[in-house]
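Understanding the architecture of this molecule
Given next are the chains, with one letter for each unit.
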Amino acid sequence: MSPTDSARQADADALLTVTGLHKAFGANEVLRGIDLSVRRGEVLVLIGPSGSGKTTVLRSINGLEIPDAGIVTAPDGIRIDYSAKPAKKDILAMRDRTAMVFQHNNLFPHMTVLENIIEGPVQVKGVSKAVATAEAVALLDRVGLAEKRDVYPFQLSGGQAQRVGIVRALALKPQLLLFDEPTSALDPELVGEVLAVMKELADEGWTMVVVTHEISFARGVADEILFMDGGVIVERGTPKEIFTAPKQERTKQFLHRILSPLD
Amino acid sequence: MVPDAAWQLFWSSLWPLVSGAITGTIPLALISFALGLVLALFVALMRLSRNRVVSGIARGYISVIRGTPLLVQLFIIFYGLPSIGLTIDPWPSAIIAFSLNVGGYAAEVIRAAILSVHKGQWEAAYTIGMSRARALRRIILPQAARVSVPPLSNTFISLVKDTSLASVILVTEMFRVAQRIAAFSQEFMLIYIEAALIYWVICLALSSGQSALEKRLDRYVAH
Ligand SMILES: Nc1ncnc2c1ncn2[C@@H]1O[C@H](COP(=O)(O)OP(=O)(O)O)[C@@H](O)[C@H]1O
Ligand SMILES: [Mg+2]
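Chain B has the name Amino acid ABC transporter membrane protein, PAAT family in an unreviewed UniProt entry, where Mycetocola miduiensis is given as its organism. Regarding chain B, the UniProt comment filed under Subcellular location (unreviewed entry) reads as follows: "Cell membrane". Per UniProt, chain B carries the Sequence similarities (unreviewed entry) text "Belongs to the binding-protein-dependent transport system permease family."

With an unreviewed UniProt entry as reference, chain A is termed Cystine transport system ATP-binding protein, source organism Mycetocola miduiensis. As stated in UniProt under Subcellular location (unreviewed entry), the record for chain A gives "Cell membrane".

Spelled out as structure tokens, the structure:
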């Protein structure tokens, strides 16, 4: 899809539009022109082999990575053109609208579960501690971790820690949730509990960009799937289009490899 | 000297020595350490700055402090500066010298501790909207603190012992008291061993304080 196509697609409904994203680490060209857009309430899933640039795309959305070129736009007139040095306030505005769930939960080890969750609302957003605590407890309850509020992260299982990471993100009331392989570091039996929470969020209408290798999740939850390889989007479409009738050879090979790795 | 007389001198010297520790050694060490730590934090942050000039200044400072003897630093401040018209009293001279010294050594400890905190912690702090300064204060430094307790305790214990050097610039801390008693009584061996014992007791107390602090800071890590 050319940039003009995606520009047409970036209608008023779009919560996020990314056009012409480029990023190199030294001589390694990691992103070579990425275009995508997400509408309110939509779930966009990024799949692709390791090293294809998925994480870098996510990190470019919230300014954890500064791309070499590309334009990121969001509602309320946010427009960051990375061909110049981005303004700090624009990056902070993007971070204000987004929240991220990491592959390794990155919970703050010196804070209890509750303190982890209210840190952003209280310290950054200026919410009162009482209100933030009440909201945090309600969210913890929703993911079945109410009784864990006062324990430290090291006392949680991987799946619990990842659910707390999701709650920490939700507590910021972002417009857009970014997930970077939230289940890849988990023991297989813990994957389900995390995906279940994510599916619930999608059903509730949260807007999400998810990098994952969980094909059944992608099939069931995604509105659109992007298959990335070598820093470009090789193919995009609905789950049905991508999983039942992939057009590109590279997509077919990738899906074959992850669906039947022994063949 | 008969043992009885030796004991008597030991006991009669104990209070003057301990009081020298209480009014000299300990406050000198505490004040210098506190000021030195504040300085060290700034120097560590300068050293981590992406600005070449800023990090270069910090690097130069650390290099000078670590590359020159503390005794010489003390002499420069107390005996040297007056010759360019800057006369500083013994106590402030000692505090300046010791603080600058701690600043140089502790800066490297703090820098290493900050670098030892996983990069993901910075990123998580940024994604919840924190600025660099707030991330440092709320997320990174508390974790770095745990890592730096053992090496900073060493710095502090060294400092307590190094305060004895202040005796040469006329600060009446414990060792200067000891020198006076020894000169007066001519019982050098006895008095200096007694002083050594008191330093040792102070350092033992500090070591157990260190363990208690480590235990407290360990409440959030797996054992
Ligand atoms: N900070 C970095 N410095 C250098 N190379 C990096 C950095 N981050 C990512 N890369 C490289 O960029 C490429 C894409 O990485 P990434 O976006 O993490 O891919 P994916 O998430 O699809 O596995 C990889 O080759 C990786 O080694
Ligand atoms: Mg990745």
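Okay, the sheet that holds strand E10 (residues 232-237) of chain A next. Residue and element names in this part refer to chain A. If you trace the 6 strands from one edge of the open sheet to the other, you get E6-E7-E8-E3-E9-E10, paired in mixed fashion. In this open sheet, the two strands that pair with only one neighbour each are strand E6 (98-101) and E10. The mean inter-strand angle of the sheet, taken between neighbouring strand axes irrespective of direction, is 20°. As paired strands, strand E3 (residues 43-47) and strand E8 (residues 207-211) are joined by 4 bridges and run parallel to one another.

Another point: the side chain of Lys54 of chain A. Residue and element names in this part refer to chain A. Summarising the element assignment, Lys54 is placed in helix H2 (residues 54-61). Buried and without a salt bridge, Lys54 has Glu181 as its closest oppositely charged side chain, separated by 4.3 Å. A polar atom in the side chain of Lys54 sits 2.9 Å from the backbone oxygen of Gly48.

Tallying each qualifying case throughout the model produces 2 cavities of 30 Å³ or more. Volume-wise, the largest cavity comes out at about 40 Å³. Lining the largest cavity, in full, are Leu15, Leu16, Ala74, Met94, Arg97, Thr98, Gln175 and Leu176 of chain A. Along the lines of polarity and charge, the residues of the lining of the largest cavity split into 5 nonpolar, 2 polar and 1 charged. Considering only enclosed or pocket space, the second largest cavity measures out at about 40 Å³ in volume. In terms of lining residues, the second largest cavity is bounded by Ala99, Met100, Phe102, Gly165, Arg168, Ala169 and Leu172 of chain A together with Thr127 and Ile128 of chain B. Secondary-structure elements contributing two or more residues to the lining of the second largest cavity are E6 and helix H6 (158-170) of chain A. Ranked by residue count, the leading element in the lining of the second largest cavity is H6 of chain A, at 3 residues. Here the lining of the second largest cavity is built from residues that sort into 6 nonpolar, 2 polar and 1 charged.

Put simply, chain B has an average pLDDT of 95, and 98% of its residues get 70 or more. Predicted complex metrics record ipTM = 0.92 and pTM = 0.90.

In this section: the pattern of salt bridges. Residue and element names in this part refer to chain A. Scanning the model with the defined rule gives 18 salt bridges over all chains in all. Close ionic contact of Asp76 with Arg97 constitutes a salt bridge, the shortest N to O distance being 3.0 Å. With Asp76 in the loop between strand E4 (69-74) and strand E5 (78-81) and Arg97 in helix H3 (residues 88-97), the pair connects residues that are 21 residues apart, well separated along the chain. We classify Asp76 as exposed; its relative accessible area is 60%.

What counts, and where the lines are drawn
- Residues numbered from 1 in each chain as written.
- Chains lettered and ligands numbered in written order.
- Predicted model: local features only at pLDDT ≥ 70, side-chain atom pairs only at ≥ 80, totals over all residues.
- Heavy atoms only, no water.
- UniProt positions renumbered as here; feature names shortened; annotations may be inferred.
- Pairing = 2+ DSSP bridges.
- Helix = DSSP H or I, 4+ residues; strand = E, 2+ residues; numbered from the N terminus.
- Axes fitted to C-alpha atoms, helices over the stretch in contact; angles between N-to-C directions.
- Buried < 20%, exposed > 50% of the residue type's maximum accessible area, 1.4 Å probe, protein only.
- Lys, Arg positive; Asp, Glu negative; His and termini not counted.
- Salt bridge = Lys/Arg side-chain N within 4 Å of Asp/Glu carboxyl O.
- Polar contact = N/O pair within 3.5 Å; in protein donor to acceptor, adjacent residues only side chain to side chain.
- 1 Å grid on protein atoms, 1.4 Å probe; cavity = no way out; pocket = protein on both sides within 12 Å on 5 of 7 lines; lining within 4 Å.
- Points joined across faces, edges and corners; volume = space filled by probe spheres on them.
- Nonpolar A, V, L, I, M, F, W, Y, C, P; charged D, E, K, R; others polar.
- pLDDT = per-residue confidence, 0-100.

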